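Chain by chain, the residues run as shown.
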Amino acid sequence: MEFAELIKTPRADNVILHRPFYLAVEGTLCLTGHHLIFSSRRQDNAEELWLLHSNIDSIEKRFVGSLGTIVIKCKDLRIIQLDIPGMEECLNIASSIEALSTLDSVILMYPFFYRPMFEILEDGWRSFLPDQEFELLSALTDEWRLSCINKEFSVCPSYPPVVIVPKSIDDEALRKVATFRHGSRFPVLSYYHNKNGMVMMRSSQPLTGTNGRRCKEDEKLINATLRPGKRGYIIDTRSLHIAQQARAKGGGFEQEAHYPQWRRIHKCIERFNILQESLIKLVEACNDQSHNMDRWLSKLEASNWLTHIKEILTAACLAAQCIDREGASVLVHGTEGTDSTLQVTSLAQIILDPRCRTIRGFESLVVREWLQAGHPFQQRCAQSAYSNSKQKWEAPVFLLFLDCVWQILRQFPCSFEFNEEFLIMLFEHAYASQFGTFLGNNENERSKLKLPQKTMSLWSWVNTSEELSKFQNPLFEANSLVIWPSVAPQSLQLWEGVFLRWNRPSKFLDEAHKEMISIINYNKELQAKVNALRRQLAEMTTNDKMQENL
Amino acid sequence: FYTLFMLQVENVKLLDRYTNRKAANGTVYLTATHLIYVDASAEVRKETWILHHHIATVEKLPLTTAGYPLLIHCKNFRVAHFVIGQERDCHEVYTSLLKLSQPVKPEELYAFSYNPKMSKENREIGWKLTDLKVDYQRMGIPNDYWELTDVNKDYEVCNTYPPEIVVPRAANKAVVIGSSRFRSRGRIPVLSYLYKENNAAICRCSQPLAGFSARCLEDEQMLQAIREANPGSPFMYVVDTRPKLNAMANRAAGKGYENEDNYDNIRFKFIGIENIHVMRSSLQKLLEVCEMKSPSMSDFLTGLENSGWLRHIKAVMDAGVFLAKAVKDEKASVLVHCSDGWDRTAQVCSLASLLLDPFYRTFKGFMVLIEKEWIAMGHKFSHRCGHLYGDPKEVSPVFTQFVECVWQLMQQFPCTFEFNERFLLEVHDHVYSCQFGNFLGTCHKEREDLKIFEKTHSLWPFLLQKKQELRNPLYRGFTAYKELQPNTLPFSFQFWCGMYNRFDKGMHPKQCVLDQLLSCVSQKVKLEDDASELENKLPFLDGPLPSEACSLSKVGNAASKTPMLNTPQDYEGDPPPVLSNGASEGELDGVSDVDQKHKENLSLYRDLHDLNDTIDVLDSEAKDGKPQHH
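Here the structure is a predicted model, which means the values were calculated and not measured.

## Focus on the overall build of chain A
(1) Moving on: Looking only at helices and strands, chain A has 19 helices and 14 strands in total.
(2) Moving on: In terms of overall dimensions, chain A has a C-alpha envelope of 90 × 80 × 50 Å along the principal axes.
(3) Moving on: Here chain A holds 550 residues, and the buried ones make up 62% of them.
(4) Moving on: Total accessible area computed for chain A in this model is approximately 22,000 Å², and 52% of it derives from carbon and sulfur atoms.
(5) Moving on: Considering chain A, the positive charge centre built from 62 side chains and the negative charge centre built from 66 side chains are found 6 Å apart.

Next up, the structure:
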């Protein structure tokens, strides 16, 4: 297919761009296969706006006489308005944008066409390989092994080719366990807590069904992670009621009788369209220009967004607490093990593991616990807050995770190497990107699409020193401790950086941020200067002494 | 020191709502001024000091298995939940505190006994720190239109106004006196702030005694004089900060609001800020929400909404913004009143000044602003704060709301204030502490009668001494920002956890950016000294340093010493039970070396944080005037 077929009017002049807090600008609008480009030719302040079609969540058009107006709502939550003279031009442009922003074939997406303008120093596709992770683990313990059982994605389609499992469990047993777990997602290692040797595993729900099926290999597998005489915790991310209902559809939960060494705790984390609805309501509330405080608070409450944040964080804290304070191993699962499970396991690692609070470590966490673990990004992030499609599989699961990380970052502002911008950047790229990283729903699909060969990795770009400098937190000081966030409602806040980003001027907050950086950097320079002077002085004194001795 | 205790009760527990830590066990001491709780179970001595004047309510709760609970609510929003072993002890503490926290006579207030080591001269200089005349001069007064008059020197015009007030030159004594008879409690229109750039003024007064039809020629002349003092504008605003319904109800009592037909070229406007009773009950509801035991997000947000607190904060802010815009953008003068013109009017006028003039965003300026718009103009601190035993219906968080509005502005404009959040909390504390004379009584005349200026100390020099810890490291100076135009859409207002849950440390961020930046600032001074000292020792080496020296040297940061208060909360509801083999955490078998080491780390870090608490307490002791006990 040629994009040109979809673009009947590639260019329109005298278009007026409206954005909140900016003066309206007149300029030229151009459509390309992947971008909407608006450029103003004002001499004093020429500017260009490039918008990826895939970033467009919805588009509305209306007419007053022959002047057409289109309102474009983006997945990054920004809303812009374009006034386009000429009814036909406007209609053409609107229909082109609609078509180009809803291409159904992945291989037509921009990452397959994007050519990087920066020097590639590191191939991000090879930055975080499972073997490297395993090497780190092997240095700490020999109780685990790397299994290639899923090499051809033959056992579990949503797992990566290699997974880490207890050494004492062979591939034959794994195959049996896979048949006992939803989507074949048998328990695998998610995190090893070096401090006390406890582990966190994740899986999907067991297929116990109504007649209480059991699987000896499954029991053996998870028991293999327990120390003699110790108990473990199973954190089920569904309420007991939902877990019980799941039995009717062949799913279920671990019965006490068959898993006597495990204590099961149910923590209810919402899923799918409930979360999407929540996002839609929240963004609607944030865009409401009404001055009525009660209305705002009641809409904020009714969106339930912060309730979800609190629930997810609480479950993650609980998992971390079991591991670090109770000295117990933990298995986390919900139904499929691709959504709430990953929220809990990844957040627990941020709480427990200082490495995950570095830039590189966080990238590795996103790769391990989200991309390789089979979070279906393409389905979940197909649409954002302005979606009308209401597809069941659309859900801001990853955005909720990032929001929770932001909440922890806000409570521990000096313990993270990255800043808020880094999290916002990941949010943007998960929904629309020039990079192939978040395409596809799992490693299987990514390998079929040949993404590593045909597209650029987000990490290749982020890890260039120029980009990294934007994402560094000036307050960062390595903190080796476990960080326990507060989950009291008073401690959790609306993530303004994402949800109010386009709804208020940011000048004063940006200035504050710059001021903070300059204070810290000035001190660092001073310190460096003092150190250098000290060294010089020391050298002088030694030279003097040497001369005296001569 | 210990002989000064009036009462000593042992075997007392202090419960902590937000951590899983075991309740502390210790001793309560009552002194003439403080309740002191000494935690005996902690390895490091830990003290909690509560000023009697800060105590709002004391309640005995039903007996529990642990003993007799005593719940203390403080005016600075501390909630202390004690459990006392003996009923007799509990009752004794209870009755003592009731007496001590509600003095009957003004002479019993702390300010009259507070005696820091300070010379008489310094004490007097302290009172002269905020000279309102200087502030009027800063605005260019006296000038062609405005004059500072002593017409009220014997409090004949208005006994709740200060002796010196600023009125239009065109308003002669007859007009002033005439107008005062037509204004509730004689509180005539006087100048609050003159915006020098365009001569528009903010003036304040009380409601007119207009009833349904009364009018007063002198009052009309007074308003005309105010309008004509701003030749650039053909009209002036008259803003009644009450809801229209309240203002109308007042007409039946012979009070009310200005009839637009009787005054030339005024634009009359209502801004519905609710009265002191609504505000009191709103705060009460807010505090109930803040105190809920593990509320859900929905409970909290619904409670926050139902309290109406942020709605009221927004109303005050909106009114301040309206005034500032009228003056700056429309170049029109504004006359503001409510009923008596000492609550809502004070809030709104001081907020508008803060928005218009960067001076008021400095330490000095903020002190002047409070002295001018609140203390001098007769905000009844003594009644609103319940300093003495009296009518509980007179108590209202009017000043608290103003302080919160300032905090909300700080959130939107982090670089525009010279002081930080802690400064606001300090000021708020001392409005209630009665340790300094500034906020005693209800008006200037009463403070004179109480001999405040001879017998007590002023708060301001005391706060200026602590400037280093109360400053805003991000402040970009007096000239960086002029007028502020805050966003007042509802989402711009945040719940102020640092105020209303201030003592629930577990809820606050565990690392504090402010501390980090403050330590940077103090480190900077030291580093600059070091650098220049070293440079002096290297006389022949001038010119820029080799650049690699900068990039290669390892940077140390002293800020890392800030200990974190960090323990897990109750994330599950009920805590996980003891492990199956009955081992508790402390006696796990096969504990590795690493594990041991970490435990040591943990306990070390627990101690650090306790130590830190103690330091906090000691700081507040110093503030509360501990030296006199030594």
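## Focus on the layout of surface pockets
Residue and element names in this part refer to chain B.
(1) Moving on: Taken as a whole, the second largest pocket spans an internal volume of roughly 920 Å³.
(2) Moving on: Together, 45 residues line the second largest pocket, and Ala56, Thr57, Lys75, Cys385 and Val395 are the ones closest to its centre.
(3) Moving on: Mapped onto the lining of the second largest pocket, the elements with two or more residues apiece are β5 (55-60), β6 (68-74), α7 (276-291) and α12 (381-384).
(4) Moving on: The element contributing the most residues to the lining of the second largest pocket is α7, with seven residues.
(5) Moving on: Here the lining of the second largest pocket is composed, by residue class, of 20 nonpolar, 14 polar and 11 charged.
(6) Moving on: Both domains that furnish three or more residues to the lining of the second largest pocket are identified here as domain 1 (7-102) and domain 2 (140-517).

## What about the nonpolar core?
(1) Moving on: Formed by 250 residues in total, the largest nonpolar core has its most connected members in A:Phe362, A:Phe499 and B:Tyr500.
(2) Moving on: Excluding its chain neighbours within four sequence positions, the residues that come into contact with B:Tyr500 are B:Phe77, B:Leu283, B:Leu286, B:Leu287, B:Cys290, B:Trp309, B:Thr400, B:Glu404 and B:Phe495.
(3) Moving on: Within the second largest apolar cluster, 30 residues are counted, among which are A:Ile169, A:Leu174, A:Phe186 and A:Leu331.

## Thoughts on helix α7 (residues 293-303) of chain A
All names here are of chain A.
(1) Moving on: Those residues of α7 that sit buried are Met293, Trp296, Leu297, Lys299, Leu300, Glu301 and Ser303.
(2) Moving on: Its side-chain oxygen 2.9 Å from the backbone nitrogen of aspartate 294, asparagine 292 forms the N-cap of α7.
(3) Moving on: Directly beyond the C-terminal end of α7, a positive phi value near 65° is found at asparagine 304.

## Side note on the domain arrangement of chain B
Residue and element names in this part refer to chain B.
(1) Moving on: Once the domains are mapped, chain B shows domain 1 (7-102) and domain 2 (140-517).
(2) Moving on: The C-alpha-based centres of domain 1 and domain 2 are spaced at 35 Å.
(3) Moving on: On the side of domain 2, 23 residues touch domain 1, which itself brings 12 residues to the contact.
(4) Moving on: For the domain 1 and domain 2 pair, buried surface summed over both sides reaches about 1,600 Å², with 56% attributable to carbon and sulfur atoms.
(5) Moving on: Where domain 1 packs against domain 2, one counts zero salt bridges.
(6) Moving on: There are four residue pairs in polar contact (both at pLDDT 80 or more) connecting domain 1 and domain 2.
(7) Moving on: A class-by-class count of the residues in the side of domain 1 that touches domain 2 yields four nonpolar, five polar and three charged.

## Focus on unusual backbone geometry
(1) Moving on: The amide bond that connects B:Ile141 to the next residue, B:Pro142, takes the cis arrangement and shows omega of 10°.
(2) Moving on: The topology assignment puts B:Pro142 in the loop between α3 (132-138) and β8 (146-149).
(3) Moving on: Of note in the backbone geometry, A:Lys450 takes a positive phi value of approximately 55° without being a glycine.
(4) Moving on: Of note, A:Lys450 is situated in the loop between α14 (443-448) and α15 (451-454).

## Thoughts on the domain arrangement of chain A
All names here are of chain A.
(1) Moving on: As assigned here, chain A comprises domain 1 (3-103) and domain 2 (130-503).
(2) Moving on: Relative placement of domain 1 and domain 2: their C-alpha centres are 37 Å apart.
(3) Moving on: Contact with domain 1, which involves 14 residues of that partner, is made by 20 residues of domain 2.
(4) Moving on: Taken together, domain 1 and domain 2 are joined by nine residue pairs in polar contact (both at pLDDT 80 or more).
(5) Moving on: Among the elements of the structure, β5 (56-64) and β6 (67-74) are those that each provide at least two residues to the side of domain 1 that touches domain 2.
(6) Moving on: For the side of domain 1 that touches domain 2, the class distribution of residues is six nonpolar, three polar and five charged.

## Focus on the packing of aromatic side chains
Residues and elements named next belong to chain B.
(1) Moving on: Under the criterion given, the structure shown has 59 aromatic pairs over all chains.
(2) Moving on: Feature note: the residues Phe363, Phe366, Trp374, Phe381, Phe399, Phe402, Phe417, Phe419, Phe423, Phe439 and Trp460 constitute an aromatic cluster, connected by ring pairs.
(3) Moving on: Taking the ring centre of tyrosine 360 as reference, the NZ or CZ of arginine 138 above it sits at 5.2 Å.
(4) Moving on: Across the ring face of phenylalanine 235, the terminal group of arginine 267 is positioned such that the distance to the ring centre comes to 3.5 Å.

## Examining the UniProt feature "domain: Myotubularin phosphatase" (unreviewed entry) in chain A
(1) Moving on: According to UniProt, the feature "domain: Myotubularin phosphatase" (unreviewed entry) maps to residues 124-499 of chain A in the numbering used here.
(2) Moving on: Along residues 124-499 of chain A one finds 44% helix and 9% strand; the C-alpha atoms at either end are 29 Å apart.

## Overview of the pattern of salt bridges
(1) Moving on: Under the criterion given, the structure shown has 63 salt bridges over all chains.
(2) Moving on: Of the charged contacts in the structure, one is a salt bridge between A:Glu511 and A:Lys507, with a shortest N-O distance of 3.5 Å. With a gap of four residues between them, A:Glu511 and A:Lys507 both fall in helix α19 (residues 507-549), about one helical turn apart.
(3) Moving on: Residue classification places A:Glu511 among the buried residues on the basis of a relative accessible area of 17%.
(4) Moving on: We note a salt bridge from B:Arg169 to B:Glu147, for which the minimum N-O separation is 3.5 Å.

What counts and how
Residues numbered from 1 in each chain as written. Chains lettered and ligands numbered in written order. Predicted model: local features only at pLDDT ≥ 70, side-chain atom pairs only at ≥ 80, totals over all residues. Heavy atoms only, no water. Helix = DSSP H or I, 4+ residues; strand = E, 2+ residues; numbered from the N terminus. Buried < 20%, exposed > 50% of the residue type's maximum accessible area, 1.4 Å probe, protein only. Areas by Shrake-Rupley, 256 points an atom, 1.4 Å probe, with all protein chains shown as cover. Lys, Arg positive; Asp, Glu negative; His and termini not counted. Charge placed at Lys NZ, Arg CZ, Asp CG, Glu CD. 1 Å grid on protein atoms, 1.4 Å probe; cavity = no way out; pocket = protein on both sides within 12 Å on 5 of 7 lines; lining within 4 Å. Points joined across faces, edges and corners; volume = space filled by probe spheres on them. Nonpolar A, V, L, I, M, F, W, Y, C, P; charged D, E, K, R; others polar. Domains from an automatic or database assignment. Core = buried A, V, L, I, M, F, W, Y, C linked by side-chain atoms within 4.5 Å. Contact = heavy atoms within 4.5 Å. Polar contact = N/O pair within 3.5 Å; in protein donor to acceptor, adjacent residues only side chain to side chain. Buried area = accessible area lost by both parts, 1.4 Å probe. Salt bridge = Lys/Arg side-chain N within 4 Å of Asp/Glu carboxyl O. Phe/Tyr/Trp six-rings, centres within 6.5 Å; stacked < 30°, edge-to-face > 60°. Lys NZ or Arg CZ within 6 Å of the ring centre and 35° of its normal. UniProt positions renumbered as here; feature names shortened; annotations may be inferred.

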